[in-house]
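# Remarks on the overall topology
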Amino acid sequence: EEFAGSDESSMAANNTSAYNCRAVAGGASWSQHAYGRAIDVNPLVNPFVSAAGVRPPEGHRYLVRSAEVPGLLIAASPLVRAFATAGWTWGGTWKSSKDYQHFSASGR
C-alpha cells in the first residue's frame, strides 16, 4: 500500500517485499509475487540485470558483487543457502538475466 503497488518505487526505496498483486515486469501474466510465491530482498543493492538495463537504475553501482556490501547477496550468502535448502530458486543463478533480489518457489 505504501508504494501503491509500484515495483519501481518499492525497489528505489530498497524495500524488501513479497506479496504484490502485479503482472510480470514487461508482461501481462501474473508475477509470482501476486501468488505469494516470491520475495525480493534489498532490491537496490541486489538489482535486476538484463539486456534492457538495470532495475532499479540506482542499483548499477552494485553490479560488482562483493560480500563487503551489507545486504548484498552472493551465492555463498547465508540467505541464499537457506532459501536453496527450502527448495526456492535465487534469481542470481538465472542464465539470460540476473535478478539478484529475487527468490521464488517456482524458479520464475
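Please read all numbers here as calculations on a predicted model, not as lab measurements.

Glancing now at the overall build of the chain. The helix and strand inventory of the chain stands at 2 helices and 6 strands. Across the chain, helices and strands are ordered from the amino to the carboxyl terminus as α-β-β-β-α-β-β-β. Evaluated residue by residue, the chain yields a buried proportion of 36% over its 108 residues. For the chain, restricting intrachain contacts to residue pairs at least 6 apart in sequence, the fraction spanning at least 24 positions comes to 43%. Per element, the accessible surface of the chain, about 6100 Å² overall, is 58% carbon and sulfur. Taking the average place of the 9 positive charges on the side chains of the chain and the average place of its 8 negative ones, the gap between the two points comes to 11 Å.

With that out of the way, let us pick up the pattern of salt bridges. Overall, the coordinates contain 1 salt bridge when judged by the stated rule. The shortest N-O distance in the salt bridge between R55 and E8 comes to 2.4 Å. Taken together, the positions of R55 in strand β3 (residues 53-55) and E8 in helix α1 (residues 7-12) put the pair 47 residues apart, joining distant regions of the chain. Under the relative-accessibility criterion, E8 is labelled partly exposed at 38%.

Another point: the nonpolar core. Judged by nonpolar contacts, V41, L73, V80, F83, W90, Y100 and F103 together constitute the single largest core of 7 residues. Those residues in contact with L73 that lie beyond four places of it in its chain are V41, N46, R65, L79, V80, W90, Y100 and F103.

Read from one edge to the other, the open sheet built from 3 strands follows the order β3-β2-β5, with strand pairing classed as antiparallel. Every other strand in the sheet has two partners, leaving β3 and β5 (98-99) as the edge strands with one partner each. As paired strands, strand β2 (residues 48-50) and β3 are joined by 3 bridges and run antiparallel to one another. Bridge pairing in β3 places F48 opposite R55.

So, on to the side chain of H33. As for its placement among the helices and strands, H33 is situated in the loop between α1 and β1 (38-40). For H33, a relative accessible area of 2% corresponds to the buried category. At 2.9 Å, the side chain of H33 forms a polar contact with the backbone oxygen of A18. With sequence-adjacent residues up to four places away left out, H33 is seen in contact with S17, A18, Y19, N20, R22, A38, I39, D40 and H102.

Reported here for the largest pocket is a volume of approximately 360 Å³. Around the largest pocket sit 19 residues that line it, and R22, V24, A25, W94 and D99 are the ones nearest its centre. Residues that form the lining of the largest pocket fall into these classes: 7 nonpolar, 6 polar and 6 charged. Space inside the second largest pocket adds up to approximately 160 Å³. Looking at the second largest pocket, the residues that line it are E1, E2, F3, A4, G5, S6, S10, N15, S17, Y19 and N20. Of the residues that constitute the lining of the second largest pocket, the class distribution is 3 nonpolar, 6 polar and 2 charged.

Definitions and cut-offs
Residues numbered from 1 in each chain as written. Predicted model: local features only at pLDDT ≥ 70, side-chain atom pairs only at ≥ 80, totals over all residues. Heavy atoms only, no water. Helix = DSSP H or I, 4+ residues; strand = E, 2+ residues; numbered from the N terminus. Buried < 20%, exposed > 50% of the residue type's maximum accessible area, 1.4 Å probe, protein only. Contact = heavy atoms within 4.5 Å. Areas by Shrake-Rupley, 256 points an atom, 1.4 Å probe, with all protein chains shown as cover. Lys, Arg positive; Asp, Glu negative; His and termini not counted. Charge placed at Lys NZ, Arg CZ, Asp CG, Glu CD. Salt bridge = Lys/Arg side-chain N within 4 Å of Asp/Glu carboxyl O. Core = buried A, V, L, I, M, F, W, Y, C linked by side-chain atoms within 4.5 Å. Pairing = 2+ DSSP bridges. Polar contact = N/O pair within 3.5 Å; in protein donor to acceptor, adjacent residues only side chain to side chain. 1 Å grid on protein atoms, 1.4 Å probe; cavity = no way out; pocket = protein on both sides within 12 Å on 5 of 7 lines; lining within 4 Å. Points joined across faces, edges and corners; volume = space filled by probe spheres on them. Nonpolar A, V, L, I, M, F, W, Y, C, P; charged D, E, K, R; others polar.

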